[in-house]
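Below, each chain spelled out in residue letters.
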Amino acid sequence: MNALVRVLTGRRSWIIALVGLLLGGWMIAGLGQAERTPDPLATLPAGFGSTEGQALLGELPDEGSSAAIVLFTRDEGPISDDLPALGEVMASVGQTYDTGEGEPAAAPGGPAEGEVGESGPPAGATDGEQAGPPPGADAGDEGAGGPPPGVTEGGIPVIPSEDGTAALSVLTLEAPSASVAQEVVTDLRADLDEAVPEGVTAQVTGPAAIQADLASVFDGANVTLLAVTASVVALLLIVTYRSPILWIVPLVVVGVADQVAATVATRVLDVTGVPWDESTIGILSVLVFGAGTNYALLLISRYRDELRRHHDRHNAMAVALRRASEAVIASASTVVVGVLSLLLSVFPSTRGLGLASAVGVVVAALGVLVLLPGALVVFGRWIFWPQVPREGQQVLSESRSLWRRIGDTVARAPGVSILATLGVLAAMAFGLTQTVSGLPPEDQFLERPEAITASERLAESFPAGTSDPVLVVTRTDDPAVVEELAGRVGDVDGVTSATAVEPVEGIGQVQVVLEADPGSDASADTVADVRAELEGEGGTYVTGGAATSADESAGNVRDRWVVMPLILVLVLGALMGLLRSVLAPIILVTSVVTTFAAALGVSWWLFTGIFGFSAIDASMPLLAFLFLVALGVDYNIFLITRTLEEAKVHGTREGVLRALGATGGVITSAGILLAAVFAVLGVLPLVVLAQIGVVICIGVLMDTLVVRTVLVPAIVRVLGPTFWWPRKVDPVGQAEQAGRADRADDQEPVAVSG
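Quick caveat: nothing in here was measured; it's all calculated off a predicted structure.

*Asks:* Help me understand the overall build of the protein chain in this model?
*Replies:* When its secondary structure is counted, the protein chain shows 22 helices and 8 strands. In the protein chain, which comprises 754 residues, the share counted as buried stands at 58%. Taking all contacts inside the protein chain whose residues are at least 6 apart in sequence as the whole, residues at least 24 apart take part in 81%. For the protein chain, the accessible surface area stands at approximately 28,000 Å², while carbon and sulfur atoms represent 58% of it.

*Asks:* How should I be thinking about a negative patch on the surface in this particular structure?
*Replies:* Taken together, the side chains of Glu183, Asp187, Asp191, Asp193 and Glu194 define an acidic patch exposed on the protein surface. Topologically, Asp193 is positioned in helix H5 (residues 178–195).

*Asks:* Explanation requested: empty space enclosed by the protein in the structure shown.
*Replies:* If a probe the size of a water molecule is rolled over the atoms, the empty space left behind becomes visible. Counting across every chain of the model gives 3 cavities of 30 Å³ or more. If you add up the space inside the largest cavity, you get close to 180 Å³. Around the largest cavity, the lining comprises 16 residues; the ones closest to its centre are Leu298, Arg302, Ala324, Arg642 and Thr663. Of all the secondary-structure elements, those providing two or more residues to the lining of the largest cavity are helix H9 (280–307), helix H10 (313–340), helix H19 (620–650) and helix H20 (652–679). For the lining of the largest cavity, a count of residues per class yields 7 nonpolar, 3 polar and 6 charged.

*Asks:* Hey, could you run me through the packing of helix H7 (residues 221–241) against H20 in this one?
*Replies:* Here H7 crosses H20 at 160°, and the two axes come no closer than 10 Å. In this view, H7 runs roughly antiparallel relative to H20, as classed from their interaxial angle. Considering only the axes of H7 and H20, their crossing is right-handed. Each of Thr229, Val232, Val233, Leu236, Leu237 and Thr240 in H7 lies in contact with H20, whose residues at this interface are Ser669, Ile672, Leu673, Ala676 and Val677. Class assignment of the residues belonging to the contact of H7 with H20 gives a composition of 8 nonpolar, 3 polar and no charged.

*Asks:* Where do I start with the sheet that holds strand E6 (residues 495–504) in this structure?
*Replies:* Adjacent strands of a sheet form backbone hydrogen bonds with each other and so pair up, either parallel or antiparallel. Taken in spatial order, the 4 strands line up as E6-E7-E5-E8 in an open sheet, and their pairing is antiparallel. Here the strands that pair on one side only, and so sit at the sheet edges, are E6 and strand E8 (540–543). Pairwise comparison of adjacent strand axes, ignoring direction, gives a mean angle of 15° for this sheet. By the bridge criterion, 4 bridges tie strand E5 (residues 470–475) to E8 in an arrangement that is antiparallel. For Val472, the partnering residue across the bridge sits in E8 and is Val542. Across the face of the sheet, helix H3 (residues 49–57) comes into contact with E5, strand E7 (507–514) and E8 while running at roughly 105° to E8. Across the sheet, helix H15 (residues 479–490) touches E5, E6, E7 and E8, and the angle it forms with E6 is around 170°.

*Asks:* Would you mind showing me how to read the pairing of strand E3 (residues 166–174) here?
*Replies:* Within a regular beta strand, the side chains point alternately toward one face of the sheet and then the other, so they alternate between its two faces. Among the 9 residues of E3, 8 are classified as buried, and the element is accordingly described as predominantly covered. As paired strands, strand E1 (residues 65–74) and E3 are joined by 9 bridges and run antiparallel to one another. Looking at E3, one finds that Val70 is bridged to Ser169. Of the strand pairs in this sheet, strand E2 (residues 159–160) and E3 are connected by 2 bridges, and their pairing is antiparallel. Within E3, the residue paired with Ile159 across the bridge is Leu168. If you look at the hairpin formed by E2 and E3, you'll find 5 residues sitting between the two strands, and Gly164 has a positive phi there, around 75°.

Criteria and cut-off values
Every chain's residues receive numbers from 1 upward, in the order its sequence appears when written. Per-residue local features of the predicted model are confined to residues with pLDDT of at least 70, and side-chain atom pairs are confined, for both listing and counting, to 80 or more; whole-chain, interface and lining totals are unaffected and use all residues. For side-chain calculations, the full set of non-hydrogen atoms in the structure is used, while hydrogens and water are omitted. Runs of E in the DSSP output that reach at least two residues are strands. Runs of H or I that reach at least four are helices, and both are numbered from the N terminus. Note on exposure labels: buried denotes an accessible area under 20% of the residue type's maximum, exposed denotes more than 50%, and partly exposed covers the range between, all computed with a 1.4 Å probe on protein chains only. Residue contacts follow a heavy-atom distance rule, with two residues in contact if any of their heavy atoms lie within 4.5 Å. Only the protein chains shown count as cover for residues, and the accessible areas themselves come from Shrake-Rupley with a 1.4 Å probe. Candidates for patches are residues over 30% relative accessible area with no salt bridge; among them, like charges are joined within 9 Å and nonpolar side chains (Val, Leu, Ile, Met, Phe, Trp, Tyr) within 5 Å. What counts as a salt bridge is simple: a side-chain nitrogen of Lys or Arg found within 4 Å of a carboxyl oxygen of Asp or Glu. Note that His is not counted, nor are the chain ends; the positive residues are Lys and Arg, and the negative ones are Asp and Glu. By convention, charge coordinates are those of NZ in Lys, CZ in Arg, CG in Asp, or CD in Glu. In this analysis, the protein atoms alone were mapped onto a 1 Å grid. Cavities are point sets where a 1.4 Å probe fits without being able to get out; pockets are open sets with protein on both sides within 12 Å along at least five of seven lines; lining residues have an atom within 4 Å of a point. Grid points are joined across faces, edges and corners, and a volume is the space filled by probe spheres set on the points. Note on residue categories: nonpolar means Ala, Val, Leu, Ile, Met, Phe, Trp, Tyr, Cys or Pro, charged means Asp, Glu, Lys or Arg, and polar means any other residue, Gly included. Comment: axis = line fitted to C-alpha atoms, over the contacting stretch for helices; angle = value between 0 and 180 degrees taken between N-to-C directions. What sets the label is the angle itself: under 35 degrees gives roughly parallel, over 145 gives roughly antiparallel, 65 to 115 gives roughly perpendicular, and the rest give oblique. Crossing handedness is read from the near helix: turned anticlockwise from the far helix by less than a right angle, it gives a left-handed crossing, and turned clockwise, a right-handed one. Being paired, for any two strands, means DSSP has found at least two bridges between them.

Read these as geometric descriptors, not functional statements.
Right under this line is the structure:
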């Protein structure tokens, strides 16, 4: 270890930094990120009925197509007079966009790649086969010698609503990927706008439109997120160091590490076959910038302190690296084992996020520990200008800094501090009793795209489930079997219509339109009733629409019960191994869990009272818990590893006060920076990411300013050497008692910034 430290901090260490940065640049520009392969099952819970149904649909010959529902509304008056013209419009656009060979398009099935809780590829039909009426049409009219009353003649019917204010039609689009869907739907909307009669508005919704709009809102989002994150980090580094030069060095190192992490992570995901989605790289970037900058702040703070003790800057960096690396390695280890627990999620894309995050944290830690020392020492002390540290100046642990004075206040009545802090956290956590989980599809975007607004308008004039029907999929060649299933499903309460689709390639389907709104409890209950009716039917699955939403909710509940406890066990085990203690890790992890409960409780009031969210996304608590526990415990690690160092000389009770004085400034800066970085997730278009950012932002600030500053030091003061049980840390003799006496005699504050 000492030999490696000498290499990384010696007179030629700048060569290591330069070579490392050049190698990183080559990986970014030359190797680049792996290409993401679209996978319609990546965001669905593995092993659930809706996912099995989607896998069965993927065997159809028209795999890669997706349904688009065109909604026509008139600004004033009934739409009935416009139906002939709208029929001509659909016949015209159908020649360009529809893949249904002139036959009526089938209803949408389940989620297309990249969608959030929506449906995917539609049923297919072979050449010349009737695919069934569009969603919302009455199954009883099928085969009656013509379309239902008011429905236009032709290959692509236009169906008016009963209230006469709207009409719909269905197209099957070729959309094998999100980017293709985005291009096709954009062109379709433009052509419809030009073709519809005056006074009529055309909107496109359904699975293809949802997929296209999701791709549109993510256009350039990762670049925007990276730019905003880097700007926030740069600003906070300038404020922290009050230097016009120093901030550039850690920002360059962490910035290169961020892009290298994205390259390595996507390559690892590609090789291992683990899928990832559009948000993975954005979240990874926030994590790498947050964790990497925290590690850099810790190393630079210790280096600046050691420059006050050593004449030679290389010796100062050697001591700083040796000491700071203990905390950085401990912190990175807990984060890595925590995020790897996501590999047990039932959602493949969540597994991808876990693996990518683990790679990112390792790259961030290596960048700071290997490249940053050489990049700093090459410039000398002047890099800290105008506040250049000089040999002989008072070090932070000996100073009467603000944080030391706070620690002394806590030390006078640690029991009161513990009770007061726990009381505040409990009050903040009260919001947990009011939370509602499960965002409906229309509330999953910060700004509602056309597909969502059109779906809401569709529900005003047609059955609520029209825009996203449930699909019963079965493996059969017998049309009679499909008809029999349609009859049974149609008799279930809450089902508006159940339309049989003739089997294609040995796969039959029943399109099911529900009365209830998609994503509602009533729709989930109807899906459960449909599944109960079909129980025992081998090779038959209920998927799409409300069925997929219900399974996603169940998958998220399962992940919370399985992955959350595992995160705690793994983080706790890592801390026990690193600190060689049992009691201290239990206290530290418990404090972070308490912080999470308080942060989630307060966030609920913010979500409903300020942001106007109707509920929390079902996947949010797991990801917020993961990052807050894994990253929040970092600040306790920074404090406790320094306490451990000081306790060996001054005793535990005095050591925690000296540690608080020495690390208070850097931990506070790191916490504020990490909170700000995660708040940047709000620039991405999804509500779930904004909610994750808010919870982590609040939790990190509480961890930094309350738990690390008051609660943990108070507990250490009460327990003393017992805090490390069963490990023995305090020196033999009266060192701790002498340290307390020395502190009591020291009445004059010394103005030293910390």
